[in-house]
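# Topology and contacts: notes
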Amino acid sequence: MAIRPLNRRTFLRGAVGAAAATVALPTLEIMLDSNGLAYADGHGVPKRFGIFFWGNGVVNSAWNPSSTGSGSAWSLSPELAPLQNVKSHLTVVSGSRVRTANLRGHHAGVAGILSGANVLPQDPGDAGYASTFTAPSIDQIVAQAKAGNTAFRSLEVGVDERVSEVEGTTLRYLSHNGPDSVNPQEYNPAAVFSRLFGAGFVEPGEMAIVDPRLRLRRNILDAVRTDARELKKRLGSTDRARLDEHLEAIGELQTRIEQLESAPPATGIACERPTEPEFAPTTTAAGQRARSRAMSDLIVMATACDVTRVWSNLFNGSVSGTYYWDVDPQMSFHQLTHDEPGDQPKVHQCVVFVMEELAYLLEQLKATPEGAGNLLDSMVILGTSDVSSGREHSLFDYPILIAGKGGGALKGDMHHRIFNQNSSHSLLSCLHAMDIPATEFGAGGGYVDSPLSEILT
Amino acid sequence: MNHHTTIVLLAALLAGCPPSGGSPPEMPQNNVVVQPTTNNATSPPDIELPPFAPAAPKMRRLARVEYENSIHDIFGDYVTIGDLEPDTPVNGFTSIGNAQISTSRSGVEKYETAALSIAAQVLRSPARINLIDCVPQDFIDGPCATSFIASIGPRLFRRPLTEVEVQTYTTVAMAGMRDLGDFWLGLEMGLAGLLQSPHFLYRTEWGDLTAGTEKRRLTSYEVASRLSYFMWASTPDQLLLAAAADGSLDTDEGIRTQVERMLRNPRSIRGLRTMWDEFLQMRPLATKVKDPGLFPEFDGELAAAMREETLRVIEHFMHADADFREIFSTRMTFVNARLAALYDLDVSPPGTEWQQVELAEDGLRRGILGHASFLAGHAHAALTSPTHRGLFVRQSLLCLPIPPPPPNIDLTIEPAQAGETLRDKLSVHMESPGCSGCHLLMDPIGFGFENFDALGRYRTKDNGVIVDATGDLDGESFTHAGELADLVATNPSISSCMVRKIYRHALGHVEGDSEEVLIRDLENNWKNGGFRFRELLYALVTSEGFLYVQGGE
C-alpha cells in the first residue's frame, strides 16, 4: 500500500477545473487495482444520489425550454442557460404538478415534491404556524437502500443560512426521516471538511495510526445504550420512538468507529484529501459563491472518495431571509417573488444565480474522472424548489431537473414535458435510475405507481 | 386546535377573513360549524371549560444554550463546548420543538465530540482537584473513580445516581485507565459517558410513580429541574438540589423561597432572556439585513443594542413593584450611545454604558413597541411593513390568529408612484376582496407605527408625504403610535396572551383543552393582583400545570 503505481495528483491536474475540455480517461485497471479495487460490491462504480434545492421557485416563462426532445431538438431556456456545459447530462421534466394538498404556501411544496406526501400542519392557531413532513424525503429513501458501507449514510449541507427557523422542520431542514425527525444541514464548509476528511479519513495509499481511544469510545457508547434501556421502559410511545432514533444513531456511530479501528484507506482514483476550506460569510454575492463552491468541492471529493453516496444541498431556504445581493440588496429573494411586478426580471436573475452555482457543481463532477467516465455519469441529482411560481405559491408547471446519467440509466440531454401530471413520477424515476426496485412513490394525491419510461434507458 | 384557538379563529372568520367572495382554489376548509354568539374576537363566547388535567409527560432535549449553561455552571466558564445539535423552535418556542423533535445522527456525533472534548478540558485542568475528593493511588483506582462518578453524576443527571448507574460509568472509566495507562485519562472516558447519557441530554418528567393515577406530582428533583431550566436556562445548583433532597420543594412556600432566591441570582436574567428573545421574536435581529445605502449605521452592534434595550426595560418591570403591562406604555427606557443617536436624544452615554432615560412626553415613542428592536425587526431592508408589524402585535402579543394568505393568489403590489405612501399602496389589500378580510386584521394596527422608518428612526414623512398613522386596534381607534401603545397595554388580550406564552415556554407544549381553565385562573389572579410580574411567576411555578403530569401508562 505504500507505493503508488501512478501518481493520481499529476494525472488529474489536467482534468479537474478544465470543464470545457474534459479528458476522456481510459479505464485504468492498474489504478483501480492500486486502490484495492475501488468498489467491493463487484458492480463497478456505485450510483450516487443528490438533491440540489432552492426555495421560492422560478419564473415559469424563463424556466421552461421552448421545445421538447433530445439532443439538438431542445435547447436551454434563459434560466437554465448556465448549465450549457452539462447539457449532455441534463433531463428537464417540465409541466408536472405537485398533487399533494396545497395546505400552506411553501410548506406544501417542500414536502410534496421531496416526499410525495402531504405536509403535516402543527398549527394550534395563535401559537404560530408550524409543520413537518409526514414521510421521509427521497434522499433518505435512497440512503436506506444504497448507503452501503460508506462512512456517512448521507451528507447534508446548506449555503445560505437565512432559512425560516420558526415554522417547524419543513422550511428549516431539507432532509427528513419522517415527522419531526430530520438531518440538519451544515453551513460551515470547514465543519463539513472536518467531519468528512478530518480525523479518521485515510487517503488512498496512506497508512493510518489507529487511535487507542477508538475502542474506548465504542465502549462508552455501549454503556450509554445500557443506561438508556432503563429510561426507555418508562417513556410514552412517542418519546420511546425518539429515544430509539437516538440509540440507532449511537449504533451507527459505533459502526463507524469500528470501521475507523481498521483504518481502511478511502478508495477512488480521483480521491485525495482536499484542503480545508475557509469560512465564507454569505453577506455578499461573492461570499455566497465562495461558500457554495466550497460545499460543491467537498461534495465532489466526498463522491470521489466514496465516503458518502447520498447528499443534499439546501442552497437557499423556502421563504427565508436570503438576499441575492447583486440583484437587489433591498428586497429578499422571497419578497421579490411577491412584490416585483410584471415578468419579474429580478426573480429571474436570482434563479440564474442559483443555476450558475448548480452548474459549477455539475461541471466539477463531470470533470472528475472515475472508471471509464466521470463522477456525473454515476449520479442522479434532483434539482427542484418549493413552489413553481413564488408569486402565487403555485404547485403546477413545477421546476424539476434531473442531472447525471445514473450509471447509464438516464438518457440525459432531454426536455420532457408532461403537462399537469404528477410530480412524483419524476421521483419514482430517480429511484429507478438508482436501481431501487420501488413500484410506487408518494401518498394520497402524490401517489404514483409508474416512472417516466421516456427519460430512462 | 384547542378551545381558545377555535373560538378566536372562528371570530376572525366571521369578521370576514378569509373573504366570502371568490374563495381561492385549494383553500383549506375549516370544519368548524359552531354558531357563535358574538363576533368580537377579543371576548370569545363563554363556553364551559373541561376540568383541569395536566399534560402527558414529555422527554425534553436540552436546548443548545441550556447544555452550554449547564456545563459552564457545573465546571466553569473556561470550558469550550463546540458545535451542538441545532434547536428547532415550534409554535414560537425552542422548548416546544425540543420536546417533540428527534435528535439527528449528526447531532449524536456532535454530542460525542463535545463530551470527549469537555471531559478532556475538565480533567486536564488544574481545577480538577475541586471535583474529586480522593488522591488516586495508582493509574487504576476503582474506589477513587467510583467516588468521582458518584459525586459529579448527580450534577449532570440532576438527581442522585442509582448504584447501577455509578457502576456503569465507573466501569467505563476503569477500562479507560487500563487501556490508556493513566487514571485521569481513564476518568475522562467515564465523564464523557455521563455527558452522553440520555439522563443528561434529556429532561424526563414522569413524576412520582407511587402517587396518583389520574395525575402525578413531579418528584422534587424534577421540580428542581423545571424551575432551573425555566428560570436560569440551566441545571439546578447545589442549593436547589439540596432543597429537592430535604423536601423543601414539596410545599408552595418552599418553592417560593427558592424562586425568590433564583430571581436574585444573575442567572435568572440569562435564563428568562431565552424566553423573551423567543416571545418577542428578537433572535432574527442578529442576522437582519438593512439596506446599507439607506441605513449605513446598521450593524451587528446596533442590532445587539436594540435587543438589549428591550430586555433591560422588561427586566426593570419584572423586578419593579408595578403593573407589568407598562412595558408597552412607559416613557422610560435605557439607551447606549448608538441608540441615543438613533432616537435623536440629547444624551450620549460614554463607551459601552447604558443610561436610563425618560422619553419626551410629546413624543410618539413609547414602550417596547417604540423600540427599534420591534420597529426594525418587523420591517424590510428598506421599507417598513405595517403588515408585519400589525401581524406581530395581533398574533404574537394578543394571541389572535390570522389565517395565512391563501395559495395560488398573486400577492404582488405595484411599486409606489411619486406622492404615494406605503399606506396608499397597501390600500390595494384593504380594498381587494381577496385580501381585505385578513389585512384588515393587521394593517390598521401596523399603520400606527408609520412614524418610524425601517430602522426605527422617527419620521414625519414617507416618500415625501406626511405620514397618516391613524388606525384601529380591535375596533378602538387611535391617531398615532403613542395612543396605540396605551391601547395595547390595556387590551384584555395582552395579559392573557402573556400568561399563555410563558406557560408554553415553561412547560414545553401548547396548552391543551384541559389546561385552559388553569390558564384562565392564572390570568384572573394576575389581574386581581395588579399584574405584578413576580406574582405571576410564583403562581405559575406553584400551579398544578407546573407541578403535575398526567398519570397512566
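The sections below set out a description of the structure shown in this document. (Residues numbered from 1 in each chain as written. Chains lettered and ligands numbered in written order. Predicted model: local features only at pLDDT ≥ 70, side-chain atom pairs only at ≥ 80, totals over all residues. Heavy atoms only, no water.)

## Quick word on the nonpolar core
For clarity, the threshold we go by: Put simply, buried Ala, Val, Leu, Ile, Met, Phe, Trp, Tyr and Cys residues joined by side-chain atoms within 4.5 Å make one nonpolar core. Only protein chains enter the area calculation, which uses a 1.4 Å probe; residues under 20% of their type maximum are buried, those over 50% are exposed, and those in between are partly exposed. Helix and strand definitions here come from DSSP, where helices need a minimum of 4 consecutive H or I residues and strands a minimum of 2 consecutive E residues; each element is numbered from the N-terminal end. The contact criterion used is simple: two residues touch if any of their non-hydrogen atoms lie within 4.5 Å.
L227(B), F230(B), W276(B), F324(B), F328(B) and V393(B) are the most contacted members of the largest nonpolar core, which totals 81 residues. Top element by residues in this core is helix α20 (residues 492-507) of chain B. It accounts for seven residues. Residues within four places of F328(B) in sequence aside, it is in contact with R366(B), G367(B), I368(B), L369(B), L397(B), A485(B), V488(B), A489(B), I494(B) and M498(B). Formed by 64 residues, the second largest nonpolar core is a distinct cluster that contains L243(A), I149(B), Y202(B) and W206(B).

## Points about the packing of helix α6 (residues 163-180) of chain B against helix α7 (residues 183-196) of chain B
Residues and elements named next belong to chain B. The line we're drawing: Whenever a helix is involved, its axis is fitted only over the stretch in contact; in every case the axis is a line through C-alpha atoms, and angles between N-to-C directions fall within 0 to 180 degrees. Helix crossings get a hand from a simple test, with the near helix turned counterclockwise from the far one by less than a right angle marking a left-handed crossing and a clockwise turn marking a right-handed one. Each residue is assigned to one class: nonpolar for Ala, Val, Leu, Ile, Met, Phe, Trp, Tyr, Cys and Pro, charged for Asp, Glu, Lys and Arg, and polar for all the others, Gly among them.
Between α6 and α7, whose axes approach to 7 Å, the crossing angle comes to 145 degrees. The chirality of how α6 crosses α7 is right-handed. Taking contact as the criterion, the partners of Y169, V172, A173, G176, M177 and L180 in α6 are, on α7, F183, L185, G186, L187, M189, G190, G193 and L194. Residue composition of the contact of α6 with α7, grouped by class: 10 nonpolar, four polar and no charged.

## Let's talk about helix α9 (residues 237-261) of chain A
To keep things clear, this is the line we draw: The span expected for a helix works out to 1.5 Å for each residue beyond the first.
Compared with the 36 Å implied by 1.5 Å per residue over 25 residues, the 36 Å span of α9(A) between its first and last C-alpha is a close match. Positive phi appears at A263(A), one or two residues downstream of α9(A), with a value of about 40 degrees.

## A word on helix α16 (residues 386-397) of chain B
All names here are of chain B. The terminal C-alpha atoms of α16, which comprises 12 residues, lie 15 Å apart, in line with the 16 Å expected from a rise of 1.5 Å per residue. When you tally the buried positions in α16, you get 10 out of 12 residues, the bulk of the element. Within α16 the residues assigned to the buried category are P386, T387, R389, G390, F392, V393, R394, Q395, S396 and L397. Of the residues flanking the end of α16, it is C399, one or two places downstream, whose phi is positive at about 55 degrees.

## Description of the pairing of strand β9 (residues 310-316) of chain A
Residue and element names in this part refer to chain A. Applicable threshold: Criterion used throughout: strands pair if DSSP finds at least two bridges between them.
Counting buried residues along β9, seven of its seven residues qualify, which places the element largely inside the surrounding structure. Judged from the six bridges that link them, strand β1 (residues 48-54) and β9 form a sheet pairing that is parallel. Bridged to G50 within β9 is W311. For strand β6 (residues 155-158) and β9, the ladder comprises four bridges, and the chain directions are parallel.

## As for the interface of chain B and chain A
Formally: By buried area we mean the combined loss of accessible area, with a 1.4 Å probe, across both parts when two parts are placed together. Salt bridges, as used here, are contacts in which a Lys or Arg side-chain nitrogen is within 4 Å of a carboxyl oxygen on Asp or Glu. N or O atoms within 3.5 Å of each other form a polar contact, as long as, within protein, one can give a hydrogen and the other can take it, and as long as residues adjacent in sequence are counted only when both atoms are side-chain atoms.
Facing 80 residues of chain B, the contacting portion of chain A comprises 73 residues. When the two sides are added together, the surface that chain B and chain A hide from each other amounts to roughly 6300 Å², 55% of it contributed by carbon and sulfur. Applying the counting rule to chain B against chain A returns five salt bridges. Linking R105(B) and E252(A) is a salt bridge whose minimum nitrogen-to-oxygen distance equals 3.0 Å. One can count 24 residue pairs in polar contact (both at pLDDT 80 or more) joining chain B with chain A. Elements with a contribution of two residues or more to the side of chain B that touches chain A: α1 (3-14), β1 (59-61), α4 (105-123), α6, α7, α8 (198-201), β2 (202-204) and α20 of chain B. Of all the elements, α6(B) adds the most residues to the side of chain B that touches chain A, at eight residues. Counted by class, the side of chain B that touches chain A contains 37 nonpolar, 23 polar and 20 charged residues.

## A short note on the pattern of salt bridges
Evaluated as defined, the whole model comprises 58 salt bridges over all chains. The salt bridge partner of D306(A) is R48(A), with a shortest N-O separation of 4.0 Å. Residue D306(A) is found in the loop between α10 (285-304) and β9, and its partner R48(A) is found in strand β1; the two are separated by 258 residues along the sequence. Residue D306(A) is classed as buried on the basis of its relative accessible area of 10%. For D453(B), the salt bridge goes to R457(B), with nearest N and O atoms at 2.9 Å. Its relative accessible area of 25% is what places R457(B) among the partly exposed residues.

## Considering the sheet that holds β9(A)
Residue and element names in this part refer to chain A. Spatially, eight strands are ordered β2-β14-β3-β13-β12-β1-β9-β6 in an open sheet, and the strand pairing comes out mixed. Of all the strands in the sheet, the pair left with one neighbour each is β2 (69-70) and β6. With four bridges connecting them, strand β3 (residues 90-94) and strand β14 (residues 414-417) associate as parallel partners. The residue of β14 that forms the bridge with V92 is H415. Set on the sheet, helix α5 (residues 138-146) makes contact with β1, β6, β9 and β12 (379-385); between it and β1 the angle comes to about 170 degrees.

## Structural notes on the side chain of T308(A)
Residue and element names in this part refer to chain A. In this structure, T308 sits in the loop between α10 and β9. Engagement of the side chain of T308 in a polar contact is seen with the backbone oxygen of F152, the distance being 2.9 Å. Separated by 3.2 Å, the side chain of T308 and the backbone oxygen of V310 make a polar contact. Excluding residues that lie within four positions of it along the chain, T308 makes contacts with T150, F152, R153, S154, L155, A302 and T303.

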